[in-house]
Amino acid sequence: MYKVSSKLKIFAFVLIGLGALLTIGGFLSAPASEDAVREMLAQEAAHGDNHGAAVDTHQVASHDTHGQVDSSSDHDDHASSHESDHVEHLYHQLANKPWSALYVACFFFFMIALGCTAFYAIQKVAQAGWSPGLFRVMEGISSYLLIGGVLMFVLLLATGLGANHIFTWMNPGVAEVGHENYDALVAGKTGFLNVPFWLIRAGAFLVGWNLYRWNIRKFSLKQDEEPEGNVWYKKGFKHSAMFLVFFIVTESIMSWDWIMSFDPHWFSTLFGWYVFASMFVSGITVIALVTIYLKSRGHLEFINDSHIHDLAKFMFGISIFWTYLWFSQFMLIWYSNIPEEVTYFITRIEDYNILFFGMVAINFLFPLLILMNSDFKRVNWFVVTAGIFILLGHYLDIYVMVMPATVGESWFIGMPEIGSFMLFAGIFLLVIFNTISKAPLLAKGDPFIGESKHFHY
């Protein structure tokens, strides 16, 4: 039996504590009103500081200058209206920033658990002989689905109830003809994009995913207690097959609901697969990292370099698959140059250029260069290095999918981003290692465990 070390617990609690403080600090530092934004802009203009929040202070400060150059009332009215609109726009962006950072981190760690659960189900349905030795690790990581799902739903519920305005299609009046916020495209999608139906879908998905996770864990432990007849193994096989059908449909809809609807004017038929590739490779990467950590602590003696090699092959292969999906989506939309489609990428290239292309390089080049060599896939520190880059790259991928629609050009990595990541990372570590410690690390009742013990590539 594995016992969670006190150092790991302390580390996790420190992450949670510091993360909570930084996250709260991020919310407190957000402007409380448009007047606070005006004061901030005035201070930045006075100090000549144009980089803080990617704010164009010249646009606002020019009101006074224009007033001096041209005394016409029409020009003054225009400048005043321009200033007011700019301040209002900036206020909403900065108010959204801590909420968006919280959303990105919450979704990122949740998707790791969901991706791991899907990988576990695939191993069950494929009746893979190499992987049963890793089942307890997979069960530990997938256990975060419950607490992560609750946190995700609470955040979605708060958003739906108006605690923030990160989803523009929820803004008042967007579907009301004649309202100043009326948006014909969004109004045409209200049959699908409405808060009650959106929350009902989210609740149904979370219940379905967690029901499978709870059942497969129970079946696995029961199989250890009653190995004869493989009754529980067969139940796990059937449930896994049904889950994968449910998952492939609900994951796509979830990606539309929770990510793509940040940009309600835009859609991509590849988006469900794109998000799936991100969560799948992230989940497999965490399986590899946790396995290597446990082996370094003297556990999982039945896991050898060939198991690590196979995990690294998946990390490498799915990273290439993700790149293929990214390029396919980007190239077709960019080449067709349809205004309502290409705008999605233009905003990211103009306002998030380094992050946008940087995360593509991280997610493609680092796994390619580090893990292409077959021998390197057996070396733990190579796999760990590649894993860190993969997780960083896919966090940035989620960041770039969410932030342009919620904070626009007013992005920067600050307290809420760092704090939210630390907060959810601490919770994630506590949950998964606590679950791993609750059962023997060897799923001894699995009919393929003997093959897994002697697996050699």
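Bear in mind that the values here come from a model prediction, so they are computed numbers and not experimental data.

Our next topic: helix α5 (residues 135-142). Of all eight residues in α5, eight are buried; the element is thus mostly enclosed. Three or more residues of α5 are buried, namely Phe135, Arg136, Val137, Met138, Glu139, Gly140, Ile141 and Ser142.

The next thing to look at is the environment of Gly115. The residue Gly115 is located in helix α4 (residues 73-126) in this model. Gly115 sits 335 residues away from Gly450 along the chain, and the two C-alpha atoms are 26 Å apart. In this view, Gly115 contacts Met279, Phe280 and Gly283; residues no more than four positions away in its chain are not counted.

A word on the pattern of salt bridges. For the structure on display, the rule yields eight salt bridges. Measuring nitrogen to oxygen at the nearest pair gives 2.6 Å for the salt bridge that ties Arg201 to Asp257. One end of the pair, Arg201, is in helix α8 (residues 195-225); the other, Asp257, is in helix α9 (residues 231-258), with 56 residues separating them in the sequence. Given a relative accessible area of 6%, Arg201 falls into the buried group. A salt bridge links Arg348 to Asp263, with the shortest nitrogen-to-oxygen separation between them at 3.3 Å.

All right, on to the nonpolar core then. Core analysis: the largest hydrophobic core is formed by 129 residues, its most contacted members being Tyr103, Phe107, Ile141, Trp209, Trp258, Val290 and Phe433. Here the element with the most residues in this core is α4; it accounts for 19 residues. Beyond its immediate chain neighbours, meaning those up to four positions away, Trp209 contacts Phe110, Leu114, Leu145, Phe243, Phe246, Phe247, Thr250, Glu251, Met254 and Trp258.

The subject of this paragraph is the confidence of the model for the protein chain. The predicted model of the protein chain averages 89 in pLDDT, with 92% of residues at 70 or higher. This model gives residues 50-71 a pLDDT under 50, and the stretch forms 33 contacts once residues within four places in sequence are excluded.

So, about the packing of helix α10 (residues 271-296) against helix α14 (residues 380-406). Viewed as axis vectors pointing N to C, α10 and α14 meet at an angle of 145°, and their least axial separation amounts to 9 Å. Crossing hand, α10 versus α14: left-handed. Contacts between α10 and α14 involve Phe271, Tyr274, Val275, Ser278, Val281, Ser282, Thr285, Val286, Ala288, Leu289 and Ile292 from the former and Asn380, Val383, Val384, Gly387, Ile390, Leu391, His394, Asp397 and Met401 from the latter. A per-class count over the contact of α10 with α14 returns 13 nonpolar, six polar and one charged.

Glancing now at the side chain of Asp397. For Asp397, the position within the fold is in helix α14. Although Asp397 is buried, it makes no salt bridge; Arg348 carries the closest opposite charge, 8.0 Å away. With sequence-adjacent residues up to four places away left out, Asp397 is seen in contact with Tyr274, Ser278, Trp322, Met359 and Asn363.

So, on to the packing of aromatic side chains. Evaluation of the coordinates by the stated rule reveals 54 aromatic pairs. Measuring from ring centre to ring centre gives 5.2 Å for Tyr352 and Trp411, while their planes differ by 20°; the resulting arrangement is stacked. A residue pair is termed long-range when its members are at least 10 positions apart, and Tyr352 in the loop between α12 (339-351) and α13 (353-371) and Trp411 in the loop between α14 and α15 (415-436) qualify at 59 residues. By relative accessible area, which is 0% here, Tyr352 ends up buried. Residue classification places Trp411 among the partly exposed residues on the basis of a relative accessible area of 23%. Site record: aromatic cluster; members linked through ring pairs are Trp266, Phe271, Tyr274, Trp322, Trp326, Phe330, Trp334, Tyr344, Phe345, Phe356 and Phe357. A cation over an aromatic ring shows up here: Lys97 above the ring of Phe412, its NZ or CZ 4.0 Å from the ring centre. Looking at Lys377, its charged tip hangs above the ring of Phe316, at a distance of 5.1 Å from the centre.

Interaxial distance between α13 and α14 falls to 9 Å at its minimum, and their mutual angle equals 160°. As the angle between them shows, α13 and α14 are arranged roughly antiparallel. Like other packed secondary-structure pairs, α13 and α14 cross with a definite hand, here left-handed. Of the residues in the contact of α13 with α14, the class split is 17 nonpolar, four polar and one charged.

Once that is clear, we can look at a nonpolar patch on the surface. Together, Ile10, Val14, Leu18 and Leu21 give the surface a local cluster of nonpolar side chains, amounting to about 390 Å² of exposed area. Structurally, the position occupied by Val14 is in helix α1 (residues 6-29).

Now for a positive patch on the surface. Residues Lys218, Lys234, Lys235 and Lys238 make up a contiguous surface patch of positive charge. Sort the elements by how many residues they give to the positive patch and α9 lands first, with three residues.

Taking 1.5 Å as the rise per residue, α14 with 27 residues should run 39 Å; its terminal C-alpha atoms sit 39 Å apart, in good agreement. Taking the largest bend as the criterion, α14 deviates by roughly 25°, centred on Val400, and proline Pro404 comes between one and four positions later. Looking one or two places after α14, you find Gly408, whose phi comes out positive at around 55°.

Now for unusual backbone geometry. One non-glycine residue with positive phi stands out, namely Gln127, at about 50°. Note on placement: Gln127 falls in the loop between α4 and α5. For Gln127, a relative accessible area of 38% translates into the label partly exposed. Non-glycine residue Leu300 carries a positive phi angle of around 55°.

What counts as what
Residues numbered from 1 in each chain as written. Predicted model: local features only at pLDDT ≥ 70, side-chain atom pairs only at ≥ 80, totals over all residues. Heavy atoms only, no water. Buried < 20%, exposed > 50% of the residue type's maximum accessible area, 1.4 Å probe, protein only. Helix = DSSP H or I, 4+ residues; strand = E, 2+ residues; numbered from the N terminus. Contact = heavy atoms within 4.5 Å. Salt bridge = Lys/Arg side-chain N within 4 Å of Asp/Glu carboxyl O. Core = buried A, V, L, I, M, F, W, Y, C linked by side-chain atoms within 4.5 Å. pLDDT = per-residue confidence, 0-100. Axes fitted to C-alpha atoms, helices over the stretch in contact; angles between N-to-C directions. Left-handed = near helix turned anticlockwise from the far one by under 90°. Nonpolar A, V, L, I, M, F, W, Y, C, P; charged D, E, K, R; others polar. Lys, Arg positive; Asp, Glu negative; His and termini not counted. Phe/Tyr/Trp six-rings, centres within 6.5 Å; stacked < 30°, edge-to-face > 60°. Lys NZ or Arg CZ within 6 Å of the ring centre and 35° of its normal. Parallel < 35°, antiparallel > 145°, perpendicular 65-115°, else oblique. Patch = residues over 30% accessible without salt bridge, like charges linked within 9 Å, V, L, I, M, F, W, Y side chains within 5 Å. Areas by Shrake-Rupley, 256 points an atom, 1.4 Å probe, with all protein chains shown as cover. Charge placed at Lys NZ, Arg CZ, Asp CG, Glu CD. Expected span 1.5 Å × (residues − 1). Bend = angle between axes of the 7 residues up to and from the residue.

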